[in-house]
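Listed below are the residues making up each chain.
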Amino acid sequence: MTFIAELALVDPSETEFVDRMGLIMERLGRTRTMGRLHAWLMICDPPDRSLTELAAELGVSKTAVSTVARQLELSGMVERVPTATREHRYRTASGEWAEIVRAQLVAVRQSLDTLDLGLSIVGDDRPDQRARLKETRDFYAFVLQDADGMVERWKEYREKTS
């Protein structure tokens, strides 16, 4: 079952947007369904959907949607909407990009620690390997150096342009 068949009533340009976002997310190392689900939640009306609705609209199993929605929720990209029933409903999270960057920076900090370990293990008798480790470590350190400042500048920018 294809996405286009499931969303036959949706504007074709919306379908193209959702599918392109799926490809982008896939290129970033995540799943295509993750990108499609997030894209659809950005543009659907009303702005929240149940797992059942998402599965039908995206043409994927409810289990797949549930798994992807939980992953997106953990990453801060979507949030669960309170309901009076046991039904799980999701929408895009507000202020999501700053929080996503902060979450990703945790992984960068962990990578930096691991690269430091690598440098402590690889001796000066292996200059090529040390050089590769050091360059990678220095890049991660550079990224972290101003990352918090970047997030703050983003928030200021959003306040000015909103």
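Residues numbered from 1 in each chain as written. Predicted model: local features only at pLDDT ≥ 70, side-chain atom pairs only at ≥ 80, totals over all residues. Heavy atoms only, no water.

Visitor: I keep staring at the overall build of the chain and nothing clicks. Help me out?
Guide: The helix and strand inventory of the chain stands at eight helices and three strands. The order of α-helices and β-strands along the chain, N terminus first, is α-α-α-β-α-α-β-β-α-α-α. Taking 162 residues into account, the globule formula puts the C-alpha radius of gyration at 15 Å, and the chain, at 20 Å, lies well above it. Expressed as lengths along the three principal axes of its C-alpha atoms, the size of the chain is roughly 65 × 40 × 35 Å. For the chain, buried positions account for 31% of its 162 residues. Total accessible area computed for the chain in this model is approximately 10,500 Å², and 55% of it derives from carbon and sulfur atoms. Charge-centre separation for the chain: the mean point of 23 positive side chains lies 2 Å from the mean point of 27 negative side chains. (Helix = DSSP H or I, 4+ residues; strand = E, 2+ residues; numbered from the N terminus. Rg over C-alpha atoms; globule rule 2.2 N^0.38 Å. Buried < 20%, exposed > 50% of the residue type's maximum accessible area, 1.4 Å probe, protein only. Areas by Shrake-Rupley, 256 points an atom, 1.4 Å probe, with all protein chains shown as cover. Lys, Arg positive; Asp, Glu negative; His and termini not counted. Charge placed at Lys NZ, Arg CZ, Asp CG, Glu CD.)

Visitor: Can you walk me through the pairing of strand β3 (residues 89-92) in this structure?
Guide: On a regular strand, each side chain points to the face opposite its neighbour's, so the side chains alternate between the two faces of the sheet. Looking at chain direction, strand β1 (residues 49-50) and β3 are connected through two bridges and run antiparallel. By the bridge assignment for β3, R49 is matched with Y90. Sheet analysis places strand β2 (residues 78-81) next to β3, joined by four bridges and oriented antiparallel. Paired with E79 across the two strands is R91, which belongs to β3. (Pairing = 2+ DSSP bridges.)

Visitor: I'm lost on the nonpolar core in this one. Help?
Guide: Note that soluble globular proteins tend to have their nonpolar side chains buried in a common cluster. In this structure, L37, W40, L41, L54, V65, L72 and Y90 are the most contacted members of the largest nonpolar core, which totals 20 residues. For this core, the secondary structure elements donating two or more residues are α2 (12-27), α3 (32-43), α4 (51-58) and α5 (62-75). Examining the composition of this core, we find that five residues originate from one element, α3, more than from any other. When near neighbours in sequence (up to four residues on either side) are disregarded, V65 contacts L37, L51, L54, A55 and V60. Of all hydrophobic cores here, the second largest spans five residues; its members include L105, V108, L112 and A147. (Core = buried A, V, L, I, M, F, W, Y, C linked by side-chain atoms within 4.5 Å. Contact = heavy atoms within 4.5 Å.)

Visitor: Whenever I open this one, the packing of α3 against α4 confuses me. Can you help?
Guide: Taken N-terminus to C-terminus, the directions of α3 and α4 make an angle of 110°; their axes are 11 Å apart at the nearest point. One finds that α3 runs roughly perpendicular with respect to α4. Between α3, through R36, L37, W40 and L41, and α4, the contact on the second element is made entirely by L54, E57 and L58. For the contact of α3 with α4, a count of residues per class yields five nonpolar, no polar and two charged. (Axes fitted to C-alpha atoms, helices over the stretch in contact; angles between N-to-C directions. Parallel < 35°, antiparallel > 145°, perpendicular 65-115°, else oblique. Nonpolar A, V, L, I, M, F, W, Y, C, P; charged D, E, K, R; others polar.)

Visitor: Could you clarify how one ought to interpret the side chain of D48 in this entry?
Guide: Mapped onto the elements of the fold, D48 is located in the loop between α3 and β1. Of the polar contacts made by the side chain of D48, one reaches the side chain of R89; its length is 2.6 Å. Apart from the residues lying within four places of it in its own chain, the contact partners of D48 are E53, V81, R89, Y90 and R91. (Polar contact = N/O pair within 3.5 Å; in protein donor to acceptor, adjacent residues only side chain to side chain.)

Visitor: Even after reading the chapter, I still don't get the layout of surface pockets, so can you show me in this structure?
Guide: Space left empty within the atom packing is revealed by a probe, the size of a water molecule, rolled over the atoms. Counted as a void, the largest pocket has a volume near 260 Å³. Residue assignment for the lining of the largest pocket shows that the elements contributing at least two residues are α2, α3 and α6 (96-121). In terms of residue class, the lining of the largest pocket is made up of seven nonpolar, four polar and one charged. (1 Å grid on protein atoms, 1.4 Å probe; cavity = no way out; pocket = protein on both sides within 12 Å on 5 of 7 lines; lining within 4 Å. Points joined across faces, edges and corners; volume = space filled by probe spheres on them.)

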